[in-house]
Structure formats: structure tokens, C-alpha cells
Amino acid sequence: MASPCFDLLIEGGTVIDGTKAPRFDADIGIVAGRIAAIGALSGQEAAQRIDARGRIVAPGFIDAHTHDDLAVLRQPDMDFKVSQGVTTVVSGNCGISPAPLEADTPTPQPISLAVGDDSLRFASFAAYVAAMRRAPAALNVAPLLGHTTLRARCVADLQRAAMPAEIEAMRAHVQEALDAGAIGVSTGTYYPPAAAATTEEIIEVCRPLSGSGGVYATHMRDEQDAVLQSLDETFRIGRELGVPVVVSHHKVTGTANWGRSVETLARIGAAMQCQCVALDCYPYTAGSTMLHNDPVRLQGRVLIAHSEPQPKMAGRELDDIAREWGCDKLEAVRRLQPASAIYFMMDEADVQRILAYEHTMIGSDGIPLGERPHPRLWGTFPRVLGHYSRTLNLFPLETAVWKMTGLTARNFGLEGRGTLAEGAAADIVVFDADSVIDTATYDDPQRAAAGIEQVLVAGVPVWQQGRPTGARPGQVLRRRTAPQP
Ligand code: ZN
Ligand code: CU
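So, about the overall build of the protein chain. Helix and strand counts for the protein chain come out as 16 helices and 23 strands. Computed over its C-alpha atoms, the radius of gyration of the protein chain comes to 22 Å, within 12% of the 23 Å expected for a compact globule of 485 residues. Seen through its principal axes, the protein chain has C-alpha atoms that stretch 70 × 50 × 45 Å. Scored against the burial criterion, the 485 residues of the protein chain give a buried share of 61%. For the protein chain, long-range pairs separated by at least 24 residues make up 75% of all intrachain contacts whose partners lie at least 6 apart in sequence.

In C-alpha cells form, the structure reads like this:
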């Protein structure tokens, strides 16, 4: 008996290949975790077959912005992501990564959001990457190194800019992380532990990025009144280092700034004329992060997502809790800490304008913590496909897919991912274009999306019939070796 031609054959589907090209009907044959052939293959032998008639077959989605650094080790099935069709997560965002941290390194918020109960720490980036390789998750990880984590590790007083010796120590960690496989460095100067870092500190710490093929990703200092200055700072860092920059979860917050995405996108477009700039966005008008102590950051509706000392308060409004406790908001915040919250702070028109912008990638910014996370953790990708593309017709499905696959792989330098082509890794999602939709809500956020039928990582099914399969074929992805032209 002849041995089968393919390990797996996906038959009869409509291919959206992740390049923005129009869809076409084709079968996909997989051998040894890679796409071996795309075309009319149904006469051929295969060890296994997936019937994709009436369905879209697309590259597995790449989540451009996550905090899944430890989730991939603690919850390796990663159901909240693979259920959306995500096959790769970019981790280590907003300046926060779980390495390098010593056992006694203090982890002020927001680092503790990602690091959790401190039981899992890695003194070097190499140790973190080794742990992921030893115990793979269902999906792939492309990890960034966080500058705020470096500050916690190397800077004696987080309220000031780093001294020359501290900068040198952080720079050595950047080099170590890049050698160990980090795809770049992230910053989060928006947050207290990094707010005192100057532009010069960041440039000097990130020197090893130059020529490494890595990227600079940033949760900018200000997404409110000074958002344009923050963009300019980001572009300057990118130019001085000669590296591509990623503006994380781009938004304009504060009612006075609503509508200003017209200006910010124009500024981004202008910068793109002379340097590599990328941006990502999540499809919601509320954000989520640590519970702020600053009253300016507590304006508007604030929903508690997670509180360590007061777990029952998850899902409740901060105003309500303060009323029930008979105290003011700041006192309530003090009693809830450490905690995370959901902030309703954006305008739907800005969200749509940024999502629809030609160069915007999709990133969830989900925080896998507690019982009441922001629904973006489970809903981001199907929401873009079902709500923004199909229902609101903001862009064609081919564009939606590109924003979560080919564009993202290119911007982060993830070779052989993000498009369906012969020789590419067989990271694939099969979904129903008519029914795909998010079901996670602010009230009930831990719900798997509808319409995502099959998810394969390196040719191995990880999500089928609404369930994780238990397979863990994920890899730690490497960045491109040459800098982007
Ligand atoms: Zn952020
Ligand atoms: Cu983030």
C-alpha cells in the first residue's frame, strides 16, 4: 500500500491567504507541520482529512499584543486564545515581561499583573525561553523583553531616570534577551515604574536592538492630551536606533480628545514615509489595566476586573463599591489593591477609524487574570471578523484576516507565518464567515466565540468541536535575522 501523500488534507474550503488577496477555492495539503501544497488535491492520499466545505481557511491569527507571558506556562491549552483562531501570541508588551527577575526583585504594579503570585520567575531571558521550550503551549509565542521589568531589576529608585551604570546593566540584559530569542523590547512609560525614564534612557538601554532585526513596541507615555508628543517620542526612538516601532493598542482617551484619531493617524502616516511604524488596536471602547491610584485616571465608568484581597468585587463598579463601603473612591481603590480594572474611556468613532486604518494590526491586550477579565481576552478576533467586518462592513474579510496575519507577521519579522503558502508553517484556522462572532461580554467575559471550527498549529489540531484538543505543538518563534529594509 502506498504511503499517504499528506499527513493532513483540508478539503473543499475557500482560502483567504493572509495577503489581502481575494479568496479562492483550494485544498491544502500538510506534511510534517508545513503546507506542502495548495490547489486541487482531493484525489490525493492523506492520513487525515478535514472537510472545510462552505468554510474559510485562513492563516492562524497572530495576536499582536498580549500579556500571555506566563499563561502559556500555567494554562498551556490557552483556550481563551485558540478558541478565537489565534495560533501565535506576541507577549511581553507594555514594558512587562517575566524575565529577567530575581527571586527578590520587587514587582510593583503593573509588573505584578503579568507576573501574578511570583511563583514563576526567571533570572534570565534564556531561562524563560528554555522553560517555554521544555513545556510548550498549544500555540506559538513571540516574546518581547519589557523595559519596566528591567528597571525593577536594575534601577535602585524607580522614581528617577536610570544612572549610567544602571543603563549599562539594562543594556546587557537587552543583549542577553535578544541572544536568547526575544523579538524586541517593549516599554510602558505610561506606568509609574517607568514614567521617570527619559527618552535618552530608553534609547541607550535599547542600543542592542539596532541591526538585530528586533522591534521597539511601546505603551506610550500619554494617550490623552499629549498623544502627539508621545508619538513623536516613539518615532524619535525608532529613528535613533534605526529599528521598526510598534505603537501598542493605539487609542485617544479622555472625552476632550475624542475624535483626535484623525490627527494621530495623520501623524503616523507621515512618519511612515521615512521610517518603519506599525500599530495595533483592540475592538472595544473600554481598556483594561492595573487599578490606578491617580484620580485623573479614575474618571468615567470603572469596572473592577480582579482584586486580590476582594475577589468578590470583580465585576462591580468602583463607584458602587465606594458607596457600599461608605468611603471615597480613592479609599476603595486602596482596599482593592492589588487589582485590575476596566475603563470606559474611548469613542466608538475613534475605535472604528483606527481599526479601519490601512496599517492597523489586531491585538487583544487581554489580561488572563481572575474571573471577570475584559471580554477582549476571549473575543477580540471573532469580534473584528463578525462585528466590524461582516456586520458593520468596515473592511472586507480579506482585509480583516490580513490585519491579524500577514501584516502582523511582517511587522514583527515572523518568517514563514501569517500567510498560507507552500513551505509556510501549517498554522491554520477554519471558520464560518456567516456565523463567526464574539460572545464574551463585560458581564460574562469567559465565553468562547462562535464559528471558529478548527485551529491547527504546525499541522496539529489544537481546537476542535468547541474544545481544546490537549495537543501542545507551540513553538517559541524566532525573529528575522536581518533588519527590515
Ligand atoms: Zn499597554
Ligand atoms: Cu498591554
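So, on to the sheet that holds strand β16 (residues 286-290). In a beta sheet, neighbouring strands are held together by backbone hydrogen bonds and run either parallel or antiparallel to one another. The strand order across the open sheet formed by 3 strands is β16-β18-β17, and the pairing between neighbours is antiparallel. If you trace the sheet from one side to the other, it starts and ends with β16 and β17 (302-307), each paired once. Here the average twist between neighbouring strands, direction ignored, is 20 degrees. Relative to strand β18 (residues 339-344), β16 runs antiparallel, the two sharing 5 bridges. For Met290, the partnering residue across the bridge sits in β18 and is Ser340.

Take the coordination of the zinc ion (ligand 1) next. Tetrahedral coordination by four donors places them ideally at 109.5 degrees to one another around the metal; octahedral coordination by six donors ideally gives 90 or 180 degrees. The protein atoms that coordinate the zinc ion (ligand 1) are Cys94 (SG), His219 (ND1) and His249 (NE2), at distances spanning 2.0 to 2.2 Å. Mapping the donors of the zinc ion (ligand 1) onto the primary sequence gives the spacing C-x124-H-x29-H. When its relative accessible area of 2% is taken as the criterion, Cys94 is described as buried.

Turning to the packing of helix α5 (residues 147-154) against helix α6 (residues 164-180), a few remarks are in order. Packed helix pairs are characterised by how far apart their axes lie and by the angle those axes make with each other. The interhelical angle for the contact between α5 and α6, taken along N-to-C directions, is 130 degrees, at an axis separation of 10 Å. Of the possible angle classes, the one that applies to α5 and α6 is oblique. Considering only the axes of α5 and α6, their crossing is right-handed. When α5 is examined against α6, the residues Leu150, Arg151, Arg153 and Cys154 are found in contact with a partner set consisting of Glu166, Ala169, Met170, His173 and Val174. In the contact of α5 with α6, the residues fall into 5 nonpolar, 1 polar and 3 charged.

On to the coordination of the copper ion (ligand 2). For the copper ion (ligand 2), the protein coordination sphere consists of His65 (NE2), His67 (NE2), Cys94 (SG) and Asp365 (OD), at 2.1 to 2.3 Å. Coordination at the copper ion (ligand 2) comes from 4 donor atoms whose angles at the metal span 86 to 165 degrees, giving a geometry best classed as irregular. Site description for the copper ion (ligand 2): donor spacing in sequence, H-x1-H-x26-C-x270-D. A gap of 3.0 Å separates the copper ion (ligand 2) and the zinc ion (ligand 1), which Cys94 links by coordinating each metal. Of this pair, Cys94 sits in the loop between β9 (86-91) and α3 (111-115) while Asp365 sits in the loop between β19 (360-362) and α14 (376-391), placing them 271 residues apart in sequence. What makes Asp365 buried here is its relative accessible area of 5%.

What counts, and where the lines are drawn
Residues numbered from 1 in each chain as written. Chains lettered and ligands numbered in written order. Predicted model: local features only at pLDDT ≥ 70, side-chain atom pairs only at ≥ 80, totals over all residues. Heavy atoms only, no water. Helix = DSSP H or I, 4+ residues; strand = E, 2+ residues; numbered from the N terminus. Rg over C-alpha atoms; globule rule 2.2 N^0.38 Å. Buried < 20%, exposed > 50% of the residue type's maximum accessible area, 1.4 Å probe, protein only. Contact = heavy atoms within 4.5 Å. Pairing = 2+ DSSP bridges. Axes fitted to C-alpha atoms, helices over the stretch in contact; angles between N-to-C directions. Donors = N, O, S within 2.8 Å, 3.2 Å for Na, K, Ca; no water. Parallel < 35°, antiparallel > 145°, perpendicular 65-115°, else oblique. Left-handed = near helix turned anticlockwise from the far one by under 90°. Nonpolar A, V, L, I, M, F, W, Y, C, P; charged D, E, K, R; others polar. Tetrahedral: all angles 85-135°; square planar, octahedral: opposite > 155°, others 65-115°.

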